[in-house]
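Residue-level structural notes
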Amino acid sequence: MVGCLAVTAGRFLDALICLAGRRCQLCAVVLDDPRDHPLCPECASKLEPRRGGHCPLCGTCYADPCSPAYLCLTCRMSPPPWSGLAFFGPYDGPLKELVHRHKFGHEHGLGRLLSLLTRQAWELRGLGRPDVIVPVPMLPGHVLRRGFNQSAELARMLGRAMSLRPLMGALVKTRETRTQSSLGRAARRGNVAGAFAASPEIRGRHILIVDDVMTTGATMTACVRACLEAGAAKVDVFILARAL
């Protein structure tokens, strides 16, 4: 109930801002040219997708953003279970602020900007069009407390860009887990191992799993393995931000 009230209040405030005029969705400055919406030129220059200096399979970002993309040592020695990855950029600066405002501040008026970023990231990475888009799931009680599942919202945004409706029930969380941010790398893997199950309807299909942020990749690995165990032909992943 509290989560739902917070979402309603957030949407009301977003509507008031829209009525007050076109503003940059990152810094809230009034836009001189409405065609710049949802970002002012200055913020647009700060919020661009990562083009180089990263691992194309796990999204690990290197010190030099202008260097070529190349596989990191971890992915060369022990590749993740997914086939391809699309992401916007490192979980830092304006992108981190944006994710926090959407996820914890319930600022659903940021939808236009998030839709823009998801579309840019998808088009930049060049992955093949999936048969099914699936968000990383939350337990129903957690969704009620927060008021929404941010991964499901991103999946819908990405689905609109592809004219493909996400299949929300294709992947479910089957048990309670501890908060991943409170655990170390090894503990994270054990925490989510076997915590997800996929529907038989994904058998033989190309799946794209969507989440907002990936840190160690433990949650995404557990989700991908659940889909592969259910018979998925191929699994790619999409994340908005990759933790440093």
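Scroll up to find the structure.
Presented here is a report on the structure given in the accompanying data block. This one's a predicted model, so the numbers in the text were calculated from it and none came from an experiment.

**Some details on the sheet that holds strand E5 (residues 206-214)**
Spatial ordering of the open sheet is given by E1-E6-E5-E2, a layout of four strands whose pairing is parallel. For this open sheet the edge positions go to strand E1 (85-90) and strand E2 (132-135), each flanked by a neighbour on one side alone. For this sheet, the mean inter-axis angle between neighbouring strands, taken without regard to orientation, is 20°. Sheet topology places E1 next to strand E6 (residues 234-242); five bridges connect them, and they run parallel. Bridging across to E6, Leu 85 finds its partner in Val 237. On top of the sheet, helix H5 (residues 111-125) reaches E1, E5 and E6; it is set at about 125° to E1, its chief contact. Together, E2, E5 and E6 form the strand contacts of helix H7 (residues 150-162), whose direction differs from that of E5 by roughly 130°.

**Brief notes about the pairing of E2**
Regular strands place their side chains on alternate faces of the sheet. Judged by which residues are buried, E2 turns out to be covered on both faces: Val 132 and Val 134 on one side and Ile 133 and Pro 135 on the other are all buried. Across four bridges, E2 lies against E5 in parallel orientation. Bridging from a neighbouring strand, Val 134 pairs with Ile 209 of E5.

Parameters at a glance
- Residues numbered from 1 in each chain as written.
- Predicted model: local features only at pLDDT ≥ 70, side-chain atom pairs only at ≥ 80, totals over all residues.
- Heavy atoms only, no water.
- Pairing = 2+ DSSP bridges.
- Helix = DSSP H or I, 4+ residues; strand = E, 2+ residues; numbered from the N terminus.
- Axes fitted to C-alpha atoms, helices over the stretch in contact; angles between N-to-C directions.
- Contact = heavy atoms within 4.5 Å.
- Buried < 20%, exposed > 50% of the residue type's maximum accessible area, 1.4 Å probe, protein only.

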